[in-house]
Amino acid sequence: MTNNDDTEAKAAGEPEPAYRRVREGHTRDCYYPWDTVFIHADRSVRVCCTSAIIEHIGQDWDLEALVNGPKFREFRKNFLSGKLTEECHDCPIKAEISVTSFEAKLAEYLRSKSPK
C-alpha cells in the first residue's frame, strides 16, 4: 500500500500501514550509517539489521577502511540527500525527518561523539 492508498484504506476501515514512505526532501531520522555496522556470520556487511548487503568482507579486512570506504560513503551521501534504499524508505522503526533538520541533528550528534 502506498501513501496515496492510505485515505482509501481508512475509508474502507483497513488498518494503516506500519510505516510511511518517505516524502521528497525527507530522509529517516537514523544515525546507523554513521555509527553502526552489522557484520553477519556469512561475512555480509549491512548498515542495519534490515538493510540490503553493502558488501562482503574477505579474510583480511579493516573496519576503518570498510566504514570509510566508497560503498559506505556513497550510502551515507545518498541517505543524507533523501535518496534512500527501498529498505530505508520503508523502515518501520525510524521516523521521517526533513533533510535540512536531519543535517543539523546529525552534525550535533557527530560533534558530541568526536573526541574532545
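Before reading on, note that the structure itself is shown above.
Residues numbered from 1 in each chain as written. Predicted model: local features only at pLDDT ≥ 70, side-chain atom pairs only at ≥ 80, totals over all residues. Heavy atoms only, no water.

Engineer: Got a minute to help me understand the sheet that holds strand E4 (residues 55–56) in this structure?
Structural biologist: Within a sheet, adjacent strands bond to each other through the backbone by hydrogen bonds, running parallel or antiparallel. Across the sheet, three strands lie side by side as E2-E3-E4; this open sheet has antiparallel pairing. The open sheet terminates on both sides in strands that have one partner only, identified here as strand E2 (38–39) and E4. (Pairing = 2+ DSSP bridges. Helix = DSSP H or I, 4+ residues; strand = E, 2+ residues; numbered from the N terminus.)

Engineer: I'm lost on the nonpolar core in this one. Help?
Structural biologist: A general feature of soluble globular proteins is that nonpolar side chains tend to end up buried together. By size, the foremost hydrophobic cluster in this structure holds 16 residues, and its most contacted members are Phe-72, Phe-75 and Phe-79. Listed by contribution, the elements that provide at least two residues to this core are helix H4 (70–80) and helix H6 (99–113). Contacts of Phe-72, omitting those with residues within four sequence positions, involve Thr-36, Val-37, Val-45, Arg-46, Val-47, Ile-54, Leu-66 and Val-67. (Core = buried A, V, L, I, M, F, W, Y, C linked by side-chain atoms within 4.5 Å. Buried < 20%, exposed > 50% of the residue type's maximum accessible area, 1.4 Å probe, protein only. Contact = heavy atoms within 4.5 Å.)

Engineer: How should I be thinking about unusual backbone geometry in this particular structure?
Structural biologist: Apart from glycine, the bulk of residues carry a negative phi angle, and the bulk of peptide bonds sit in the trans form. Residues other than glycine seldom take positive phi values, yet Arg-43 does so here, at roughly 70°. Among the secondary structure elements, Arg-43 is positioned in the loop between E2 and strand E3 (44–46).

Engineer: Mind showing me how you'd approach the state of the cysteines here?
Structural biologist: A covalent bond between the sulfur atoms of two cysteines is referred to as a disulfide. Scanning the entire structure with this criterion turns up zero disulfides. Here Cys-49 is not disulfide-linked; the sulfur of Cys-48 is the nearest cysteine sulfur, at 5.0 Å. Not engaged in a disulfide, the cysteine Cys-91 finds its nearest cysteine sulfur in Cys-48; these two sulfurs lie 6.3 Å apart. Here Cys-91 falls in the buried class, since its relative accessible area comes to 12%. (Disulfide = S-S within 2.5 Å.)

Engineer: Would you explain the packing of aromatic side chains in this entry?
Structural biologist: The description of an aromatic ring pair uses the distance of the two centres, along with the angle that the planes make with each other. For the structure on display, the rule yields seven aromatic pairs. Between Tyr-31 and Phe-102, the ring centres sit 6.0 Å apart and the planes meet at 25°, which makes this aromatic pair stacked. A residue pair is termed long-range when its members are at least 10 positions apart, and Tyr-31 in the loop between strand E1 (26–28) and helix H2 (32–35) and Phe-102 in helix H6 qualify at 71 residues. Relative to Tyr-109, the ring of Tyr-31 lies with its centre 3.9 Å away and its plane at 5°, an arrangement referred to as stacked. Of the two residues, Tyr-31 is situated in the loop between E1 and H2 and Tyr-109 in helix H6; the sequence distance between them amounts to 78 residues. For Tyr-109, a relative accessible area of 15% gives the class buried. Three or more aromatic residues link up through ring pairs in this structure, and these residues are Tyr-31, Trp-34, Phe-75, Phe-79, Phe-102 and Tyr-109. Positioned above the aromatic ring of Tyr-32 is the side chain of Lys-94, whose terminal nitrogen or guanidinium carbon lies 5.0 Å from the ring centre. (Phe/Tyr/Trp six-rings, centres within 6.5 Å; stacked < 30°, edge-to-face > 60°. Lys NZ or Arg CZ within 6 Å of the ring centre and 35° of its normal.)

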